[in-house]
Amino acid sequence: MNTARPSGVAVAIAAVVALALFPLTVEGQVLARNGLALATPYHLTLGISLLQYAVLAAAWALFSGPTRYISLATAAFFGIGAYTTAVLSNELPMASIVAIAALIGVAVAIVVGLSTLRLRGMYFVIFTFGLSALILQLVIWFETKITRTVGRLVTNVADEQIYWQLLALAVAVFLVGWFVGRSRLGLALRVIGDDEAVARHVAINTTAAKLTLFSVSAAFMAAVGAVMAPRWSYIEPRIAFNPDISFQVVIMALLGGLGRLWGPLLGVIPLVLIIEYIAANFSSHLQLILGVAFIVIVYFLPNGVAGLIDRWRTEGIRLPAAARPPMPATGGPLLEVSGLRKSFGGVRAVDGIDLTVAPGEILGLIGPNGSGKTTALDLVSGALKPDAGEIRLRGRPIAGLPPHHIARLGIARTFQIVRILESMNCRDNVIAGLAFRPDPLWGEAARERAAALLDRVGIANRADVPAGQLTYIDQKRLELARALALDPQLLLLDEWLAGLNPRELGVGIELVASLRREGMTIILVEHVMDAIRSLCDRCVVMSAGKTIADGPPGAVLAEPEVVAAYIGDAVA
Amino acid sequence: MIAGDIILSGVILGGIYAMVALGMTLQYGVARIMNLAYGEILVAGAFAAYWLYASHAVSPILGLAVVVPLAFVANWAIYVLLLTPLVNRARSREQLESDTILFTFGLLFVLQGIGLAWLGGQIYGYPYLQLPVDVLGVTVQANRLTAAVIALVIGVGLYIALTQTRTGMAIRAVSVDPRAARLVAIDVPRLSGLVFAAGGALAAAAGVLISMSQTFTVGGGVLFTMKALVIVIMGGAGNLGGTLIAGLILGLAEITVARLVDPNLTIAVDFLIFLVVLMARPTGIFGRSA
Amino acid sequence: MLRLISTIAAGAIAALAVSGAAEAQDKIKIGYAISLSGPNAAGASITTVPNYKLWFHDIEAAGGLKLGETRVPIEVIEYDDQSSNEELIKAAERLVNQDKVDIMLSPWGTGMNLAVGATFAKYGYPHMAATAATDLAYEMAAKWPNSFWMLGTSTMGANALTEVLTKLHGAGKINAKVAMVSVADAFGIELSNASRPALAAAGFELVMDESYPITTEDFSQLINAAKASGADTFVAFSYPPDTFGLSGTAIALGYNPAAFYTAVGTAFSIYRDVILHDNVDGVLGIGGVDTDDPKFKDYAKRHLEVTGQPPDYWASPVTYASLEILQQAIERVGKIDREAIVKEIQTGTFDTVAGTIKLDRNVNPNVWWAGQWQNGEFHGLAPSSMAGAKEPVAPKPAWKPAP
């Protein structure tokens with residue numbers, strides 16, 4: 001499913017049609033009566049199982065694949081759907097119930113999404129588990145105390161109807177996945193999965209992106225729950241919100257690998273069949289054999305598992321490019337900072353600094369380690385919120401705005417420790433910078449512009465190389481290209497030259513110098529004094545969170561206070 | 001009277017909860033193994049205590065002396081034989097996490113499968129110290145009080161060991177940053193194996209203590225795994241003090257709600273507190289920022 | 001590895017595709033799916049599975065099921081539903097369509113029987129729900145005429161308990177206050193819903209009425225609150241782990257009400273042998289049997305001999321009785337004609353280890369619903385219309401603490 005060649009589409013359509021006709025080949029159905037009896041009702045049951053997990057795993061991977069947020073909330077959304085059917089099955093037609101279930105799923109997903117934004121890793125995993133458990137307990141409490149009915153009868157629906165409804169959901173979820181994979185939203189999520197801080201600094205509204213896909217994924221899960229409920233005749237909260245389903249879906253999706261759209265299917269189909277085979281043949285030791293099979297798979301199929309961590313390939317992008325508006329006119333200081341303060345615990349990292357940067361100027365920001373330079377950059381770029389003080393970009397206050405907002409206003413940055421999107425190739429790293437700025441580029445235009453930017457920093461021939469394989473200097477170049485892709489008015493370079501060998505340093509200084517010649521405004525945090533001297537118009541020295549000198553590099557570096565600050569640092 | 005009852009019962013339940021989670025905070029926080037079969041080890045400890053009590057009339061407290069070393073060796077063997085290949089193969093923490101989740105998920109089934117074939121699905125238990133004792137005018141269950149006291153002793157002892165000894169220092173260094181720990185000449189793989197084994201031994205000890213006052217089944221481990229996970233994450237992974245405090249908070253909250261609000265909301269309040277704590281502190285009460 | 005998986009998958013499909021050849025009736029296939037693993041395994045392994053084993057043993061010992069003049073041997077197929085209703089439905093479909101079983105036995109538990117009822121109904125198999133106690137019984141029986149509800153309804157349970165308490169109150173053994181707790185689940189809710197009006201009508205006052213979630217581990221506050229309530233009667237509509245937990249906690253906290261009643265699990269022999277030991281006498285519980293009935297005595301003896309464990313004192317004999325009914329119906333019909341078998345079960349009268357049974361609209365109307373441990377055995381007390389009903393004893397002797 002790398003490309004959408006007509007043959008691929010034809011195969012997919014043929015497969016869907018064949019799957020749709022399958023229930024008719026079951027004993028007693030129309031095709032079966034006409035000589036095409038291929039299956040028994042049991043096979044239909046198995047088909048329902050496969051489709052159920054296929055939709056759930058694909059919906060799960062829609063969000064968790066690119067972002068790598070492992071969610072155990074599947075049971076919550078599935079349960080919401082199943083319970084919606086349990087409550088409404090005698091009141092409304094199935095289609096409305098599925099729609100209502102999906103809407104409730106979305107509403108809950110938005111609340112959950114907003115409350116989990118800051119969580120990562122295992123904290124997010126267990127949070128989603130806890131949330132599912134809490135919802136279950138609250139439903140039980142409500143039914144016990146308020147309605148006094150735990151356990152509801154559900155009107156049965158014929159198996160082939162359930163099968164077709166699931167098949168429709170499967171087609172829908174894969175279509176959504178296909179479109180998202182080709183959209184800027186998909187790219188945004190992959191950037192988030194690789195490095196959420198970078199995502200914010202290339203102007204991605206990470207909250208909105210995560211929420212959108214989390215909600216879409218939840219809607220599908222709730223719809224599956226609503227469709228499946230009538231199979232069981234009788235629903236209790238504990239049946240609807242069975243946490244096992246969360247784990248099963250994660251396991252299947254992880255085993256299949258999340259890199260490709262079809263990855264989850266590769267986990268669902270073999271696993272459902274293996275479990276079924278074991279259940280049918282070794283029922284008395286089902287768990288033991290299942291467990292052994294599982295361990296064997298983990299040992300000998302690392303690629304399916306590693307698919308989660310390994311690079312996911314970005315796909316061909318064929319959307320029309322947006323036209324780029326001209327840069328806004330300029331006048332007055334570009335950046336004004338006044339009274340900026342930030343403390344961590346009792347430590348005043350930035351203690352009331354004032355700065356102005358004129359358009360086209362290169363300002364060197366220097367000072368001993370721990371003097372607050374990086375904190376100052378973090379405050380300007382929005383990575384940190386100031387405790388006090390003002391930051392104005394062209395007169396507009398930006399202090400405390402979220403990073404993606406500041407990035408859109410025209411401030412781009414690199415990081416002290418280089419942050420590239422290791423699992424993406426170089427071109428897509430740069431496209432990540434192009435796709436979310438106020439005048440976004442996408443499709444062919446983005447590819448062309450990315451090529452030009454890679455050429456600009458001297459790594460044009462590396463466009464298809466995974467960024468993780470670059471040398472250190474090339475990673476730095478790539479990071480610069482991504483920052484430049486935002487078309488910034490102000491570029492923040494945080495020790496961008498650090499760690500380069502002398503030859504590389506020459507290349508690096510020349511690269512920054514060429515930016516200067518093009519009129520780029522830059523704040524340069526740097527320890528390399530040669531670079532400061534040769535590049536900067538003006539230099540600000542920080543010590544213990546305050547500015548202690550401001551002026552031309554030669555003069556400033558000779559000031560006794562500055563020398564003392566550096567020597568003090570060297571002694572300490 | 002009710003207040004005293006709530007506080008004492010809450011501390012007892014909290015102490016038992018903390019005990020359930022101690023081993024996992026070592027295994028996950030330090031050895032970086034997300035062990036979904038944790039509860040099965042705990043249940044194995046409970047069955048061992050039952051067997052010692054029922055067949056050999058050995059009290060569970062004495063039984064600890066047998067069960068804990070055995071569990072240590074068994075878990076060390078699991079780490080060395082089964083987990084080391086995964087640890088060596090992992091290129092990142094994320095990959096190790098997902099590999100070990102899948103592996104221990106399989107291990108969970110294997111252990112349950114063996115248990116079911118051997119012991120069946122029945123409910124087990126035994127009466128031990130089943131009598132009331134009076135503590136500061138409050139009547140409590142002797143068996144649960146004993147379990148909680150032993151749990152708190154083990155917890156505090158472990159805390160002191162981790163903060164006051166050289167090995168403890170090394171363990172804490174690994175928990176903060178395994179790569180940096182390697183740089184200061186700590187044998188991280190060996191230490192991780194020992195810590196994983198210690199975690200398993202603590203799980204088995206928790207199982208012994210729980211078996212003194214509760215019934216247990218072969219399939220009941222998952223509940224303990226999830227309880228432990230919630231407590232570990234709430235306290236901050238790898239932080240022993242956080243685990244103790246998170247356990248006590250949940251114990252007190254459950255008992256308070258059971259007595260004063262509605263016993264039907266005890267599990268709900270656990271998860272509610274857990275979620276609120278994580279929203280306020282995304283890496284747990286004492287978690288390091290990510 | 002991919003090849004291995006595809007081989008396994010192909011094998012699976014091949015295995016699944018093989019259907020039992022429907023040869024002449026030279027054997028009878030009996031299949032069932034039950035919870036061998038998961039949370040339901042405890043109940044299933046105590047009450048249901050041993051009775052199935054005993055029944056198969058008995059049939060084999062007799063040389064097979066009697067169809068007409070010949071005895072036809074049986075073949076048994078067992079699946080594990082893993083305590084999941086989706087797996088249960090899949091297994092039931094597999095039994096019907098792939099294994100082509102002649103007779104399908106029921107799973108364990110109310111929820112599981114309700115979930116699989118539609119599948120039994122779809123294929124017209126007689127469905128002997130022997131471990132489902134629900135007020136939905138009559139409704140389900142009307143919806144699925146092939147389903148038979150052998151344990152009766154929750155309302156019967158509430159009425160039987162009220163009957164026992166009324167007797168004790170009338171004799172001046174207990175006061176009119178009742179402390180009631182129930183598990184937050186269909187079972188607990190149905191029984192507490194039915195008990196509230198029944199107890200009120202009998203003049204009892206509910207001084208405590210709480211529910212608690214499944215998997216509760218610490219019962220100290222429920223017991224302490226009951227202790228403080230002033231009630232002479234403690235009633236818990238509980239599941240086995242809670243029954244054991246509440247009883248153990250009551251002993252350990254020295255809570256000695258005159259009447260102490262717990263629900264599912266009280267009638268298990270492990271309640272006496274593993275949990276309470278010499279504290280068991282006087283405890284009231286759900287279920288009961290006529291322990292003096294020689295048929296039960298003989299059944300209990302054979303149950304222990306064949307399965308290595310004693311039967312429970314509630315659903316075990318009813319489960320075995322449901323199998324006897326099935327067997328008698330089959331043998332009366334004389335062939336595997338499921339429609340005729342269902343009809344026979346609906347209308348016939350059957351002699352079983354649980355007494356003579358004649359179903360009323362597919363529901364067993366005569367079930368023990370309240371019993372008491374007396375002299376180490378769990379005797380049926382109510383409904384007192386049942387043959388062999390004993391008189392309740394109160395107050396319960398004080399708990400003896402265990403060192």
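Residues numbered from 1 in each chain as written. Chains lettered and ligands numbered in written order. Predicted model: local features only at pLDDT ≥ 70, side-chain atom pairs only at ≥ 80, totals over all residues.

### A few points about the overall build of chain C
Point 1. For chain C, the count of helices and strands is 13 helices and 16 strands.
Point 2. Against the compact-globule benchmark of 22 Å for 403 residues, chain C has a radius of gyration of 22 Å, which places it among compact chains.
Point 3. Expressed along its principal axes, the backbone C-alpha trace of chain C runs to roughly 65 × 55 × 40 Å.
Point 4. Here the contacts in chain C between residues at least 6 apart in sequence split such that 69% fall between residues at least 24 apart. (Helix = DSSP H or I, 4+ residues; strand = E, 2+ residues; numbered from the N terminus. Rg over C-alpha atoms; globule rule 2.2 N^0.38 Å. Contact = placed C-beta atoms within 7 Å.)

### Notes on the overall build of chain A
Point 1. Counting its secondary structure elements, chain A contains 24 helices and 12 strands.
Point 2. With the C-alpha coordinates aligned to their principal axes, the bounding extent of chain A is approximately 95 × 55 × 45 Å.
Point 3. Relative to its full complement of 572 residues, chain A shows a buried share of 55%.
Point 4. When contacts within chain A are restricted to residue pairs at least 6 apart in sequence, long-range pairs at least 24 apart make up 71% of them. (Buried ≥ 20, exposed ≤ 12 C-beta atoms within 10 Å, placed from the backbone.)

### Topic: the confidence of the model for chain A
Reading predicted coordinates in detail is not appropriate for stretches of low pLDDT.
All names here are of chain A.
Point 1. With 92% of its residues at a pLDDT of 70 or more, chain A shows a mean pLDDT of 84.
Point 2. Helix 4 (residues 74–88) holds the highest mean pLDDT among the elements of chain A, 95, whereas helix 15 (residues 302–306) holds the lowest, 54.
Point 3. Long-range and interchain partners of residues 305–330, a stretch whose pLDDT sits below 50, account for 54 contacts in this model, where long-range means more than four residues apart. (pLDDT = per-residue confidence, 0-100.)

### Things to note about the sheet that holds strand 12 (residues 284–285) of chain C
Residue and element names in this part refer to chain C.
Point 1. Pairing in this open sheet of 7 strands is mixed, and the strands run 9-8-10-11-12-15-16 from one edge to the other. A strand with exactly one partner marks an edge of an open sheet, and here the two such strands are strand 9 (205–212) and strand 16 (377–382).
Point 2. One ladder, built from 2 bridges, connects strand 12 with strand 15 (residues 370–374); its direction is antiparallel. Paired with G285 across the strands is G371, a residue of strand 15. (Pairing = 2+ DSSP bridges.)

### Remarks on the confidence of the model for chain C
Point 1. Residues at a pLDDT of 70 or more form 94% of chain C, whose mean pLDDT is 91.
Point 2. The least confident element of chain C, judged by mean pLDDT, is helix 1 (residues 2–17) of chain C at 46; the most confident is strand 5 (residues 103–105) of chain C at 98.

### Examining the interface of chain A and chain B
Many structure descriptions define interface size as the accessible area lost when the parts assemble.
Point 1. Contacts between chain A and chain B engage 35 residues on the former and 38 residues on the latter.
Point 2. For the side of chain A that touches chain B, the elements supplying multiple residues, two or more each, are helix 6 (121–147), helix 12 (244–256), helix 14 (286–300) and helix 15 of chain A.
Point 3. When residues in the side of chain A that touches chain B are grouped by element, the largest group, 15 residues, is from helix 6 of chain A.
Point 4. Its residues placed into classes, the side of chain A that touches chain B shows 24 nonpolar, 8 polar and 3 charged. (Nonpolar A, V, L, I, M, F, W, Y, C, P; charged D, E, K, R; others polar.)

### A word on the environment of E217 of chain C
Point 1. Inspection of the secondary structure assignment puts E217 of chain C in the loop between strand 9 and helix 8 (220–228).
Point 2. Owing to 21 C-beta atoms within 10 Å, E217 of chain C belongs among the buried residues under this scheme.

### A short note on unusual backbone geometry
All names here are of chain C.
Point 1. In this chain, A382 is followed by P383 through a cis amide linkage whose omega measures 0 degrees.
Point 2. Take P383: it is sitting in the segment after strand 16.
Point 3. Backbone torsion omega between A394 and P395 reads -5 degrees, so that peptide bond is classified as cis.
Point 4. Mapped onto the secondary structure, P395 falls in the segment after strand 16.
Point 5. A positive phi is found at N375, a non-glycine position, where the angle reads about 55 degrees.
Point 6. The class of N375 is exposed, set by 8 C-beta atoms lying within 10 Å.

### Looking at the sheet that holds strand 12 (residues 546–551) of chain A
Residue and element names in this part refer to chain A.
Point 1. One open sheet accounts for 6 strands, arranged 8-9-10-5-11-12; its pairing is mixed. Bordering the open sheet on either side are strand 8 (411–413) and strand 12, each of which pairs with just one other strand. Along the sheet, successive strands turn relative to each other by an average axial angle of 20 degrees, direction set aside.
Point 2. Against the sheet, helix 16 (residues 373–381) makes contact with strand 5 (362–366), strand 8, strand 9 (490–494), strand 10 (521–525) and strand 11 (538–543), and its axis sits at roughly 150 degrees relative to strand 9, the strand it touches most. (Axes fitted to C-alpha atoms, helices over the stretch in contact; angles between N-to-C directions.)

### Quick word on the interface of chain B and chain C
Point 1. Between chain B and chain C, the contact holds 35 residues from the first and 40 residues from the second.
Point 2. Secondary-structure elements contributing two or more residues to the side of chain B that touches chain C are helix 1 (2–29), helix 4 (93–119), strand 2 (138–141), helix 5 (142–164), helix 10 (240–261) and helix 11 (266–280) of chain B.
Point 3. Broken down by element, the residue count for the side of chain B that touches chain C peaks at 4 residues, all from helix 10 of chain B.
Point 4. Split into classes, the residues belonging to the side of chain B that touches chain C amount to 15 nonpolar, 17 polar and 3 charged.

### Considering the packing of helix 3 (residues 85–97) of chain C against helix 4 (residues 110–123) of chain C
Residues and elements named next belong to chain C.
Point 1. Remark: helix 3 packs on helix 4, axes separated minimally by 9 Å, with the N-to-C direction vectors making an angle of 25 degrees. In terms of orientation, helix 3 and helix 4 fall into the roughly parallel class. Considering how the two elements wind past one another, helix 3 and helix 4 form a crossing that is right-handed. Residues N85, L88, I89, A92, E93 and V96 of helix 3 form the contact with helix 4, whose participating residues are M112, A115, V116, T119 and Y123.
Point 2. Class assignment of the residues belonging to the contact of helix 3 with helix 4 gives a composition of 8 nonpolar, 2 polar and 1 charged. (Parallel < 35°, antiparallel > 145°, perpendicular 65-115°, else oblique. Left-handed = near helix turned anticlockwise from the far one by under 90°.)

### Considering helix 4 of chain C
Residues and elements named next belong to chain C.
Point 1. Over its 14 residues, helix 4 extends 20 Å from the first C-alpha to the last, a length consistent with the 20 Å expected when each residue adds 1.5 Å.
Point 2. Of all the bends found along helix 4, the most pronounced is centred on V116 and spans about 35 degrees.
Point 3. By the burial criterion, the buried members of helix 4 are T110, G111, M112, N113, L114, A115, V116, G117, A118, T119 and F120.
Point 4. Just past helix 4, the residue G124 takes up positive phi, approximately 70 degrees. (Expected span 1.5 Å × (residues − 1). Bend = angle between axes of the 7 residues up to and from the residue.)

### A short note on the environment of Q214 of chain B
Point 1. Within the element layout of this structure, Q214 of chain B appears in the loop between helix 8 (188–211) and helix 9 (221–235).
Point 2. Considering only alpha carbons, one finds Q214 of chain B and A31 of chain B, 183 residues apart in sequence, at a separation of 30 Å.

### A look at the pairing of strand 11 of chain A
Point 1. Burial of strand 11 of chain A is extensive: 5 of the 6 residues sit out of reach of the surface.
Point 2. Count of turn residues in the strand 11 of chain A/strand 12 of chain A antiparallel hairpin: 2 residues, of which A544 of chain A carries a positive phi of about 50 degrees.

### A look at the packing of helix 5 of chain B against helix 6 (residues 166–176) of chain B
Residue and element names in this part refer to chain B.
Point 1. Between helix 5 and helix 6, whose axes approach to 5 Å, the crossing angle comes to 85 degrees. Classed by the angle they form, the pair helix 5 and helix 6 counts as roughly perpendicular. Of helix 6, the residues touching helix 5 (which contributes A161, L162, T163 and Q164) are G168, I171 and R172.
Point 2. Grouping the amino acids of the contact of helix 5 with helix 6 by side-chain chemistry returns 3 nonpolar, 3 polar and 1 charged.

### Concerning the pairing of strand 4 (residues 347–357) of chain A
Point 1. The pairing of strand 3 (residues 335–344) of chain A with strand 4 of chain A spans 8 bridges and is antiparallel. Note on strand 4 of chain A: the bridge partner recorded for F344 of chain A is V347 of chain A.

### A word on the environment of R93 of chain B
Point 1. If you trace the backbone, R93 of chain B turns up in helix 4.
Point 2. Taking the C-alpha atoms as reference points, R93 of chain B and I33 of chain B, 60 residues apart in sequence, are found 9.8 Å from one another.

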